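Observations on the three-dimensional arrangement
Listed below, chain by chain, are the residues.
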Amino acid sequence: MKKKLLLPVLLLGVAGVLQAEGAKEIKPGLWEIRHKTAMDGQQLPDMNEMLAKVPPEMRGQVEAMMAKNGAGMTDKGVTICISPEQAASQQYGTDPDNKCKVVDMKHEGKVTHMKMQCDDPKGEGETTVTRQSAEAWTSVSRMTMEEDGAPHTMNSEVDARWLASDCGAVKP
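Keep in mind that this is a model prediction, so the values were computed, not measured.

**So, the pairing of strand β6 (residues 111-119)**
- Across the two faces of β6 the burial differs, with T112, M114, M116 and C118 buried and V111, H113, K115, Q117 and D119 not buried at all.
- Across 8 bridges, the pairing between strand β5 (residues 100-108) and β6 is antiparallel. Opposite K106, over in β6, you have H113 as the bridge partner.
- Hairpin remark: β5 followed by β6, antiparallel, with 2 residues in the connecting loop; positive phi at G109, about 65 degrees.
- Here 9 bridges tie β6 to strand β7 (residues 122-133), and the two strands are oriented antiparallel to one another. In the sheet register, H113 faces β7, and the bridge partner there is T128.
- Two successive antiparallel strands, β6 and β7, enclose a turn made up of 2 residues.

**Let's talk about the pattern of salt bridges**
- Inspection of the entire model under this criterion finds 4 salt bridges.
- For E135, the salt bridge goes to K27, with nearest N and O atoms at 2.6 Å. With E135 in the loop between β7 and β8 (136-147) and K27 in the loop between α1 (3-21) and β1 (29-39), the pair connects residues that are 108 residues apart, well separated along the chain.
- The salt bridge involving R34 is made with E32; its shortest N-O contact spans 3.0 Å.
- Overall, the relative accessible area of 35% leaves R34 in the partly exposed class.
- Overall, E32 belongs to the buried group, its relative accessible area being 7%.

Calculation rules
- Residues numbered from 1 in each chain as written.
- Predicted model: local features only at pLDDT ≥ 70, side-chain atom pairs only at ≥ 80, totals over all residues.
- Heavy atoms only, no water.
- Buried < 20%, exposed > 50% of the residue type's maximum accessible area, 1.4 Å probe, protein only.
- Helix = DSSP H or I, 4+ residues; strand = E, 2+ residues; numbered from the N terminus.
- Pairing = 2+ DSSP bridges.
- Salt bridge = Lys/Arg side-chain N within 4 Å of Asp/Glu carboxyl O.

Take a look at the structure:
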């Protein structure tokens, strides 16, 4: 499968989860997002492993795209920064190009169920987010998408942890 499909879907997964979590209070600051992802039944390497195998110019493009969308990298996962203003207004984790939209969201205590539809890549999916505290949440997602007329299924699990109030070089 082409890498052009994977990166936007992974970034969308993080964005979608944070949008679902927007109904709950979370701490502003630096968050680490660890994920396990399988595409069409095959476990994918983590983002660092994938980026180590691409040409330096492509890695630079990916890192620039992530930075533009408020994300960075650690040896354990992706980092994002949520400013105090974003946390207060619950405006974070959106899809900047509006390629995916939440079409249904239900909250049941500490659990949020969300359905999404995407235009590019064309697809749909469901995510269940479980808020453990203001400093931690987990999610399970299943998305089906289409690339060049072929269907693909992505399953992912996310474990998110608040790291610090200071985001350092990662910008919201």
